[in-house]
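Breakdown of the fold
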Amino acid sequence: MALRKVNVAVVGLGFGRSFVPIYQRHPNVGRVAICEANPSLLNEIGDSLGVEDRFDSLDQVLGDDGIDAVHLLTPVPFHVEHTLAALAAGKHCACAVPMATNLQGLQKIINAANEAGRNYMMMETAAYSREFLYVKEMHARGDFGKLTFLRGSHIQDLEGDYPLYWHAQPPMQYICHAIAPILALTDTRATRVSCLGAGRLRSDLQQPGGNTFPLQTALFQLEGTDAVAEVTRSWFQVARSFVESFSVYGERRSFEWPLTEDEDPIVYTLVEERPKTRRNAEFERVKIPYRPDLLPAEIQPFAEGGHGGSHPHLVHEFISSIVDERRPSIDEIKAANWTATGICANESALSNGDAVEIPGFN
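In this report, the structure presented in the accompanying data block is examined. (Residues numbered from 1 in each chain as written. Predicted model: local features only at pLDDT ≥ 70, side-chain atom pairs only at ≥ 80, totals over all residues. Heavy atoms only, no water.)

To continue, consider the sheet that holds strand β6 (residues 120–122). The strand order β3-β2-β1-β4-β5-β6 describes an open sheet built from six strands, whose pairing is parallel. Both edges of this open sheet fall to β3 (54–55) and β6, since each of them pairs with a single strand only. Relative to strand β2 (residues 29–35), strand β1 (residues 6–11) is paired through five bridges, and the arrangement is parallel. Looking at β2, one finds that Val10 is bridged to Ile34. (Pairing = 2+ DSSP bridges. Helix = DSSP H or I, 4+ residues; strand = E, 2+ residues; numbered from the N terminus.)

Below you can see the structure in the form of structure tokens.
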């Protein structure tokens with residue numbers, strides 16, 4: 001890779017603090033700045049990581065001509081507004097999921113990226129986790145054969161110290177962690193969805209005019225394939241520990257996410273001669289390696305971090321796309337297609353499961 005240096009500002013240090021040291025050590029990153037509205041957090045992170053460039057507002061960041069790119073880790077309700085502002089200011093923009101919470105927001109960002117001629121990347125962790133990288137290689141080798149069915153799940157309990165806007169957001173509007181591995185693996189988009197809401201959100205959790213479902217579950221048709229995908233998303237009222245998972249079922253082999261965190265995933269292999277028993281597939285538990293070998297040496301130590309070791313891979317892809325003057329792997333078109341699945345799934349749930357066509361973006 002060329003020795004060009006990209007100057008980056010990380011905006012939002014709640015979740016963003018884990019990305020700062022990765023940018024600091026990336027060989028193609030020059031200046032690293034941080035931005036946070038909470039002054040005590042700003043100074044705490046700045047002091048601990050040795051960051052001199054500190055801003056307390058996005059406007060200050062966007063007004064600095066020395067900043068080439070921003071990584072937004074701000075609250076979901078601000079993603080569209082902040083992304084549009086960054087692109088309008090001529091900055092490359094990476095943003096946490098979701099891209100937007102309505103179809104209009106998706107199109108606005110696509111238009112803005114085209115007009116600005118700058119890169120937009122949605123930083124979807126599930127598309128760079130060690131599990132996904134493992135399954136991606138299996139699929140590339142043809143291990144699965146023809147895919148038949150894929151399943152994604154994201155169950156999380158948001159009761160406690162979470163902002164109230166999460167209570168109002170339908171689970172499917174934050175579908176990306178569950179659907180991204182499916183669509184990335186099949187290299188396609190979802191075209192049609194039927195979704196149902198399950199349960200009734202307790203009255204003390206509901207927000208005026210907000211979501212009423214603790215859980216939503218959906219079936220998706222995928223363009224160019226006979227395979228079907230099932231996705232379940234939940235915020236509340238489900239007695240289950242946190243899980244972001246995906247499973248892949250093919251005609252020859254299948255990959256199945258473990259039920260508990262202390263277990264390894266299972267790979268099933270269909271036996272050649274079917275015995276007259278229920279056990280028609282052999283199985284083995286597999287150890288999933290982290291993949292520091294895919295990264296520059298300077299940031300390889302971060303490969304065993306959170307979210308399946310995805311953070312350094314995301315940073316490397318974003319910075320590489322800028323340096324190489326190419327589109328990032330999860331650009332505004334792919335991000336819009338992935339995000340629209342959940343927006344349309346919620347629309348289906350509000351119509352008691354009526355099928356909804358999912359628009360494509362180009």
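By volume, the largest pocket amounts to about 910 Å³. Along the walls of the largest pocket sit 38 residues, with Phe15, Leu73, Thr74, Pro75 and Tyr165 positioned nearest its centre. For the lining of the largest pocket, a count of residues per class yields 22 nonpolar, eleven polar and five charged. Taken as a whole, the second largest pocket holds about 550 Å³ of empty space. Mapped by element, the contributors of at least two residues to the lining of the second largest pocket are α7 (130–141), α9 (176–186), β11 (243–250) and α10 (306–309). A per-element tally of the lining of the second largest pocket places β11 first, with four residues. Its residues assigned to classes, the lining of the second largest pocket comprises ten nonpolar, seven polar and eight charged. (1 Å grid on protein atoms, 1.4 Å probe; cavity = no way out; pocket = protein on both sides within 12 Å on 5 of 7 lines; lining within 4 Å. Points joined across faces, edges and corners; volume = space filled by probe spheres on them. Nonpolar A, V, L, I, M, F, W, Y, C, P; charged D, E, K, R; others polar.)

Glancing now at the sheet that holds strand β12 (residues 253–256). Ordered by their spatial adjacency, nine strands build an open sheet running β14-β13-β12-β11-β7-β10-β9-β8-β15, and the pairing between neighbours is mixed. The two strands at the open ends of the sheet, each matched to only one other strand, are β14 (281–285) and β15 (356–357). Sheet topology places strand β8 (residues 190–198) next to β15; two bridges connect them, and they run antiparallel. Residue pairing in the sheet places Val193 in a bridge with Val356 of β15. Contacts from α7 reach β7 (147–155), β11, β12 and β13 (266–270), with the element oriented near 10° to β11. Across the sheet, α9 is in contact with β7, β8, β9 (215–222), β10 (228–234) and β11; its angle to β7 comes to roughly 155°. (Contact = heavy atoms within 4.5 Å. Axes fitted to C-alpha atoms, helices over the stretch in contact; angles between N-to-C directions.)

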